[in-house]
Amino acid sequence: MPAHAVTYGTPTISLSAGYLSGSVNGVGDQGVAVTVGQSGADASALTVSASASSKASVAGTGDVTVTGSGAVRQLAVTAHARGYTNLTIKVTGLGGKTATKTLSYAASAAVQNPADARYFSGASDSSAAVDVGGGYTVVADDENNVLRLYDRSRSAAPVRTWDFSSQLGVTKEVDIEGATRIGDTIYWTGSLGNNKDGEYKAPRNTVFTTTVSGSGSGTQLAYGRSYKKLRDDLVAWDTANGNRYGFAAGTAAGEAPKQIDGFNVEGLEFAPGSTTTAYLGFRAPLAPAVPGGKALLVPVTNFDQVLASGAKAAFGSGIELDLGGLSVRDVKKNAADQYLILAGSWAADDNADPYALYQWDGVPGHAPVKRADLPTTDPGGWEALVEVPDLNAPGARVQVVTDSGSADLYGDGTEAKDLTHPEWKKARAAWFTLN
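Residues numbered from 1 in each chain as written. Predicted model: local features only at pLDDT ≥ 70, side-chain atom pairs only at ≥ 80, totals over all residues. Heavy atoms only, no water.

J.: Looking at this structure, how should I read the overall build of the protein chain?
T.: Within the protein chain, the secondary structure is distributed over 4 helices and 28 strands. For the protein chain, the C-alpha radius of gyration of 24 Å lies close to 22 Å, the compact-globule estimate for 435 residues. Counting only C-alpha atoms, the protein chain reaches 100 × 45 × 40 Å along its principal axes. Counting every position in the protein chain, which comprises 435 residues, the buried fraction comes to 53%. The contacts of the protein chain with a sequence gap of at least 6 include a subset with a gap of at least 24, amounting to 58%. Put simply, the protein chain shows about 16900 Å² of open surface, and 49% of that area lies on carbon and sulfur atoms. (Helix = DSSP H or I, 4+ residues; strand = E, 2+ residues; numbered from the N terminus. Rg over C-alpha atoms; globule rule 2.2 N^0.38 Å. Buried < 20%, exposed > 50% of the residue type's maximum accessible area, 1.4 Å probe, protein only. Contact = heavy atoms within 4.5 Å. Areas by Shrake-Rupley, 256 points an atom, 1.4 Å probe, with all protein chains shown as cover.)

The following block contains the structure:
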């Protein structure tokens, strides 16, 4: 009897994401998984190809590579210019049958040292980071209350996310700006300042904790406790001490936080050898609040109890540091109590202003020493230190993350925070060698 002819179904094709971001000259850019199939056929017999369907100058047919041979293939794009393009992904099955999907792709501009750059996608306004071991970090965003877990070595979407808004009792952003870890507890602080229009928003006056379990890709966070009066305590303390730092004026209605005499917290780290005293690092004000002034840290001497029991905050004397006219954008230490301070401008629109890394020993009265200047030509502002290496080791390298929310990543005038697709939102994480 003659053999029956095989009837092949229409191939199926699906993409792990319909939107993808890369960068010009990017190294290790994020890719997309392409899943294919066809009834009556082995997936390894199917062919996957791509063609440019819009702006080939950004990425064309020859700039898309597909690897793998089974049901799931890996697709990568090499970008040649900043902008947007659509790519048509096609699967050709047996019997000449085909199916297609469109991949919407966006490429950001080339950056200095692309081999040292990775992009954390899903959010653009990264503002604080904490290392959780195994090559992973939890990153906060100042436009929402989502904490995201990323592989530090890869350009990729978050492995896991947490949103503790309901536990915090807020519906608006806390404006998370600083974080540090003691044992299995991570402490997070909002900016404590007014919003950009000078309005008081209660959620910003929040500090809270999360408890860490596991590490690396298996990291889990659980909500701990919160305190919502730290700004009030700071204002009362400064008022009782002669208004040296102008906290009452800086928090007044109508006062924007990011001005030289404003009020905006962006750093949080514990004092040397202490699990009780924490330093709050201020983006504003400078101390005293005049051009060329010093950066300000204020010790909260019972910070552990503030979060553990809601105790009213107590303070030590303000610490004033010469950071070359810059203020604190982040501060972090390692187990040996070696501190790095990420210094930047107090200004609101500061992408073109200088940034630098300073080493410090955490002791009031001791001067910090500049270890590196950071480039200012890249989109976004340097905002968060992931961890502090051994600062005495030759060639010590530190990973720094940008807040790219106000950056025009793709050249169309749209700020990253306003992009429609979260896959196109991203923050850059870059490695820098300390001099």
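J.: Whenever I open this one, the nonpolar core confuses me. Can you help?
T.: Side chains of nonpolar character tend, in soluble globular proteins, to be buried together. Leu230, Leu234, Phe247, Phe282 and Phe303 are the most contacted members of the largest nonpolar core, which has 26 residues in total. When contributions to this core are tallied by element, the ones reaching two or more residues are α2 (230-240), β18 (264-270), β19 (278-287), β20 (294-300) and α4 (303-309). Non-local contacts of leucine 230, meaning those with residues more than four positions away in its chain, are made with Leu192, Asn205, Val207, Leu280, Phe303, Ala313 and Phe315. Counting 24 residues, the second largest nonpolar core, distinct from the first, contains Leu15, Val24, Val64 and Ala79. (Core = buried A, V, L, I, M, F, W, Y, C linked by side-chain atoms within 4.5 Å.)

J.: Would you mind showing me how to read the packing of aromatic side chains here?
T.: Two measures describe an aromatic ring pair: the distance that separates the ring centres and the angle between the ring planes. The tally for this structure, following the rule as stated, stands at 21 aromatic pairs. The interplanar angle of 65° and the centroid separation of 5.2 Å between the aromatic rings of tyrosine 187 and phenylalanine 270 together place this pair among those described as edge-to-face. With a gap of 83 residues between them, tyrosine 187 in strand β15 (residues 185-190) and phenylalanine 270 in strand β18 connect regions that are remote in the sequence. By relative accessible area, which is 0% here, phenylalanine 270 ends up buried. Among the aromatic side chains, those forming a connected cluster through ring pairs are Trp237, Tyr245, Phe247, Phe263, Phe282 and Phe315. (Phe/Tyr/Trp six-rings, centres within 6.5 Å; stacked < 30°, edge-to-face > 60°.)

J.: Help me understand the sheet that holds β19, please; the structure alone is not making it clear to me.
T.: Neighbouring strands of a sheet are bound in pairs by backbone hydrogen bonds; such pairs are parallel or else antiparallel. The 4 strands are arranged β18-β19-β20-β21 in an open sheet whose pairing can be described as antiparallel. On the outer flanks of this sheet lie β18 and β21 (319-321), each paired with one strand and no other. For this sheet the average axis-to-axis angle between neighbouring strands, irrespective of direction, equals 30°. (Pairing = 2+ DSSP bridges. Axes fitted to C-alpha atoms, helices over the stretch in contact; angles between N-to-C directions.)

J.: Explanation requested: the pattern of salt bridges in the structure shown.
T.: Side chains that differ in charge, positive against negative, can pair when their charged atoms come close. Here the structure, examined in full by the defined rule, presents 15 salt bridges. Aspartate 131 is the partner of arginine 152 in a salt bridge, and the nearest nitrogen-oxygen pair spans 2.9 Å. With arginine 152 in the loop between β12 (146-151) and β13 (160-163) and aspartate 131 in strand β10 (residues 126-133), this pair connects stretches of sequence that are 21 residues apart. Classification of arginine 152 as buried rests on a relative accessible area of 6%. (Salt bridge = Lys/Arg side-chain N within 4 Å of Asp/Glu carboxyl O.)

J.: How should the sheet that holds strand β3 (residues 32-37) be read in this particular structure?
T.: Read from one edge to the other, the open sheet built from 4 strands follows the order β1-β3-β6-β5, with strand pairing classed as antiparallel. Edge positions in the open sheet fall to β1 (12-15) and β5 (64-67), since each of these has one partner strand only. Each adjacent strand pair in this sheet contributes to an overall mean axis angle of 25°, direction not counted. The pairing of β5 with strand β6 (residues 72-77) spans 4 bridges and is classified as antiparallel. Paired with threonine 67 across the strands is glutamine 74, a residue of β6.

J.: Whenever I open this one, the pairing of strand β24 (residues 355-360) confuses me. Can you help?
T.: Side-chain direction in a regular strand flips from residue to residue, so the side chains alternate between the two faces of the sheet. Burial runs high along β24: 5 of the 6 residues are buried. Two strands pair when backbone bridges link them, and strand β23 (residues 339-344) and β24 are joined in this way by 5 bridges, in the antiparallel orientation. Bridge pairing in β24 links tyrosine 339 to tryptophan 360. Alignment of β24 against strand β25 (residues 369-374), held across 5 bridges, turns out to be antiparallel. Bridging from a neighbouring strand, tyrosine 355 pairs with leucine 374 of β25.

J.: Just checking my understanding: could you explain unusual backbone geometry for this structure?
T.: For residues other than glycine, phi is negative in most cases, and the peptide bonds are mostly trans. For the bond from alanine 284 to proline 285, the omega torsion is 5°, close enough to zero to count as cis. Counting through the fold element by element, proline 285 comes out in strand β19. Located in the positive-phi region is asparagine 25, a residue other than glycine, with phi close to 65°. Along the polypeptide, asparagine 25 turns up in the loop between β2 (19-23) and β3. One non-glycine residue with positive phi stands out, namely aspartate 175, at about 60°. The exposure class assigned to aspartate 175 is buried, which follows from its relative accessible area of 6%.

J.: What am I meant to see in the environment of threonine 98 here?
T.: Inspection of the secondary structure puts threonine 98 in strand β8 (residues 98-108). For threonine 98, a relative accessible area of 36% puts it in the partly exposed group. Residues threonine 98 and aspartate 233 lie 135 residues apart in sequence; the distance between their C-alpha atoms is 66 Å. When neighbours within four sequence positions are excluded, threonine 98 is seen to be in contact with Thr10, Pro11, Lys90, Val91 and Thr92.

J.: I keep staring at the side chain of threonine 210 and nothing clicks. Help me out?
T.: The topology assignment puts threonine 210 in strand β16 (residues 207-213). On the accessibility criterion, threonine 210 (0% relative accessible area) is buried. A polar side-chain atom of threonine 210 sits 3.0 Å from a polar atom in the side chain of tryptophan 188. (Polar contact = N/O pair within 3.5 Å; in protein donor to acceptor, adjacent residues only side chain to side chain.)

J.: I tried to follow α2 on my own but got confused; where do I start?
T.: A turn of α-helix holds 3.6 residues, and therefore any two residues three or four places apart point the same way. Residues Leu230, Arg231, Asp233, Leu234, Val235, Trp237 and Asp238 constitute the buried set of α2. As for α2, its buried residues are in contact with β16, β17 (220-227), α3 (247-250), β19, β20 and α4. Glycine 242 sits one or two positions beyond α2 and adopts a positive phi of about 85°.

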